[in-house]
Amino acid sequence: METWVLITVAAAFLQNVRSAMQKHLKGVMGTTGATFVRFGFGLPFALLYLVVLWRVAGHPLPVPNGTFFLWAVIGGMAQIAATFLLVHLFSFRNFAVGTAYSRTEPAQAALFGLVFLGEKASQGALVAIAISVIGVMLISVARTTLSARSLVTSVFSRTAGIGLLSGTFFGLSAVSYRSASLALAPSLPVPDYIMQASFTLGCVILLQTMVMLVWIVAREPDELKRIGAAWKPAFIVGFVGASASFGWFMAMTLQQAAIVKVVAQVEMLFTFASSFFVFREWINRLELLGCLLIVLGVLMLIVL
């Protein structure tokens with residue numbers, strides 16, 4: 001099995017843990033605070049990874065250029081917007097539909113990859129992307145009381161719009177991070193996907209932390225108290241989130257962002273495994289069908 005696949009699966013598992021804890025934080029702080037925790041508390045770990053690679057493992061530091069900074073800024077701001085919108089969905093009673101549309105990220109990443117990088121996905125890859133996206137969307141609405149008519153109506157709902165926009169920003173950020181990381185390669189003696197990913201992550205998460213901190217101080221200063229009161233779980237979110245992001249950045253340096261994001265849908269399988277084996281929650285037929293479609297899409301990409 002290729003290295004990027006193993007890295008992606010590990011990152012998906014860590015993201016599943018981070019998402020569960022981040023949803024818990026949404027109950028004790030606002031949307032902005034829960035979004036900031038992912039970046040602010042992840043910054044020390046991202047910088048630690050970079051220092052260890054440089055000073056301990058002996059990887060040379062890349063030299064950033066204008067192209068790197070451009071894509072890093074675009075990706076960083078897009079991810080903030082995407083995360084904010086996704087966390088905001090937790091405030092809605094019927095957030096399942098919105099969350100489903102946020103999972104269109106792989107398809108949108110494929111479009112952005114084509115537009116900005118000229119990366120063309122094969123017909124088989126496009127079919128795999130479509131199958132996995134449908135599978136995730138089925139899972140997201142499987143436990144709602146939506147009828148066929150109301151499901152069509154929900155496409156134009158506010159939550160669906162927020163979810164779709166979140167997926168757009170996630171797709172844009174994924175392609176931007178790949179572009180930024182690849183822009184560092186010419187400055188290295190030989191391409192080093194681990195250092196390229198770590199350097200990109202460190203720069204991006206530093207930018208995101210600074211931007212969000214300025215926003216909170218200026219617009220929502222009371223949020224700082226709530227963040228401080230929940231520092232223990234926030235610390236764990238930061239560690240797991242930074243580790244997951246490091247995995248995403250490495251995988252997307254090695255492979256097209258859209259392809260990586262399809263394999264990343266195995267996060268949903270980890271969620272169901274936790275529900276079934278830990279919480280003893282049964283999986284209904286629609287959820288099972290969604291799981292099978294995700295597996296099919298992932299297997300198609302690995303075999304292709």
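Here, residues in each chain are numbered from 1, in the same order as that chain's written sequence. Local features in this predicted model are restricted to residues of pLDDT 70 or higher, and side-chain atom pairs are both shown and tallied only at a pLDDT of 80 or more, whereas totals for entire chains, interfaces and linings draw on every residue. Computation of side-chain values: all heavy atoms of the structure, hydrogens and water removed.

As recorded by an unreviewed UniProt entry, the chain carries the name DMT family transporter and is attributed to Sinorhizobium numidicum.

Explain the overall build of the chain residue by residue, including any values.
Numbering of helices and strands runs from the N terminus, with a helix taken as a DSSP run of H or I at least four residues long and a strand as a DSSP run of E at least two residues long. From N to C terminus, the chain includes 15 helices and zero strands. Burial classification: accessible surface area is computed with a 1.4 Å probe over protein chains only, and a residue below 20% of its type maximum counts as buried, one above 50% as exposed, and the rest as partly exposed. For the chain, the proportion of its 304 residues judged to be buried stands at 51%. By the convention used here, residues are in contact when the closest approach between their heavy atoms is within 4.5 Å. Contacts spanning at least 24 positions in sequence make up 89% of the contacts within the chain whose residues lie at least 6 apart. When the accessible surface of the chain is split by element, carbon and sulfur atoms take 71% of a total near 14300 Å². With residues, only the protein chains shown are counted as cover, and all accessible areas are computed by Shrake-Rupley using a 1.4 Å probe.

Pulling in residues and values, what's your account of a nonpolar patch on the surface?
Here a patch means residues that are over 30% exposed by relative accessible area and free of salt bridges, tied together within 9 Å if like-charged and within 5 Å if nonpolar (Val, Leu, Ile, Met, Phe, Trp, Tyr). Put simply, a salt bridge is a Lys or Arg side-chain nitrogen that is within 4 Å of an Asp or Glu carboxyl oxygen. Residues Leu111, Leu114, Val115, Phe116 and Leu117 make up a contiguous nonpolar surface patch of roughly 440 Å² in combined accessible area. Its place among the elements puts Leu114 in helix H6 (residues 105-117).

Any chance you could break down the side chain of Arg18 for me, citing the residues and the numbers?
As for its position among the elements, Arg18 is in helix H1 (residues 3-25). Relative accessible area serves as the criterion here: at 5%, Arg18 is assigned to the buried category. For Arg18, the contacting residues outside a window of four places in its chain are Arg38, Val237, Val240 and Gly241.

Let's hear about helix H3 (residues 43-56): which residues, and what values?
Multiplying 1.5 Å by the residue count of a helix minus one yields the expected span of that helix. Across its 14 residues, H3 extends 19 Å between first and last C-alpha, which sits within 8% of the 20 Å expected from 1.5 Å per residue. On its buried face, H3 is in contact with helix H2 (31-40), helix H10 (193-219) and helix H12 (231-254). Remark: Gly58 follows H3 within two positions and exhibits a positive phi of approximately 80°.

Can you explain the packing of H2 against helix H4 (residues 66-89)? Please cite residues and give values.
How two helices sit against one another is set out by the angle between their axes and by the gap between those axes. Note on geometry: axes are C-alpha line fits, over the in-contact stretch for helices, and angles between N-to-C directions span 0 to 180 degrees. Between H2 and H4, the least distance of the axes is 9 Å, while the angle of their chain directions is 130°. Here H2 lies oblique to H4, going by the angle between them. Handedness of the crossing formed by H2 with H4: right-handed. Along its contact with H2, which presents Thr31, Thr32, Ala34, Thr35, Arg38 and Phe39, the element H4 presents Gln79, Ile80, Thr83, Phe84, Val87 and His88. Ten residues, namely Ala, Val, Leu, Ile, Met, Phe, Trp, Tyr, Cys and Pro, are considered nonpolar, four, namely Asp, Glu, Lys and Arg, are considered charged, and the remaining ones, Gly among them, are considered polar. Considering only residue class, the contact of H2 with H4 consists of five nonpolar, six polar and one charged. Here the angle decides the label: under 35 degrees means roughly parallel, over 145 means roughly antiparallel, 65 to 115 means roughly perpendicular, and every other value means oblique. Crossing handedness follows the turn of the near helix against the far one: under a right angle anticlockwise gives a left-handed crossing, and clockwise gives a right-handed one.

I'd like a description of the nonpolar core, backed by residues and values.
Most often, soluble globular proteins have nonpolar side chains that are buried together. We define the nonpolar core as a collection of buried residues of types Ala, Val, Leu, Ile, Met, Phe, Trp, Tyr and Cys that are connected through side-chain atoms lying within 4.5 Å of one another. Membership of the largest hydrophobic core comes to 73 residues, with the highest contact counts inside it found for Val37, Trp248 and Met252. When sequence neighbours within four positions are dropped, the list of residues in contact with Trp248 reads Thr8, Ala11, Ala12, Gln15, Val260, Lys261 and Ala264.

Provide a residue-level description of the pattern of salt bridges, including the pertinent values.
Opposite charge on two side chains allows them to pair when their charged atoms are near. Tallied over the full model, the rule gives two salt bridges. For Glu119, the salt bridge identified is with Arg178, shortest N-O distance 2.7 Å. One end of the pair, Glu119, is in the loop between H6 and helix H7 (123-141); the other, Arg178, is in helix H9 (residues 158-183), with 59 residues separating them in the sequence. Grouping residues by exposure puts Glu119 and Arg178 together as buried.

Give a detailed account of the packing of aromatic side chains, specifying residues and quantitative values.
Aromatic ring pairs: the centre-centre distance and the angle between the two ring planes describe each pair. For this analysis, a ring pair means two rings from Phe, Tyr or Trp (six-membered ring only for Trp) whose centres lie within 6.5 Å, classed as stacked if their planes differ by under 30 degrees, edge-to-face if by over 60, and tilted for the remaining angles. The final tally for this structure, using the stated rule, is eight aromatic pairs. Ring geometry for Phe112 versus Phe116: centroids 6.0 Å apart, planes at 15°, classification stacked. Of the two residues, Phe112 and Phe116 are both situated in helix H6; the distance of four residues between them amounts to about one turn of the helix. Seen in terms of ring centroids, Tyr177 and Phe249 are 4.5 Å apart; in terms of plane orientation they differ by 35°. Their pairing is tilted. Of the two residues, Tyr177 is situated in helix H9 and Phe249 in helix H12; the sequence distance between them amounts to 72 residues. Comparing Tyr177 with Phe249, the two get one shared label, buried. Among the aromatic residues, those joined into a cluster by ring pairs are Phe45, Phe235 and Phe239. Put simply, a charge is over a ring when the Lys NZ or the Arg CZ is close to the ring centre, within 6 Å, and near the line of the ring normal, within 35 degrees. The residue whose ring lies beneath Arg55 is Trp54, and the NZ or CZ to ring-centre distance is 4.9 Å.

An account of the UniProt feature "transmembrane region" (unreviewed entry) in the chain is needed here, citing residue identities and associated values.
Residues annotated by UniProt as "transmembrane region" (unreviewed entry) correspond here to residues 35-56, 68-90, 124-143, 155-177, 197-218, 230-251, 257-279 and 286-303. The distance separating the terminal C-alpha atoms of residues 35-56 is 32 Å; by composition the span is 91% helix and 0% strand. Annotated as 100% helix and 0% strand, the span residues 286-303 places its first and last C-alpha atoms 26 Å apart. UniProt positions are given in the numbering used here, feature names are shortened, and annotations may be inferred rather than shown by experiment.

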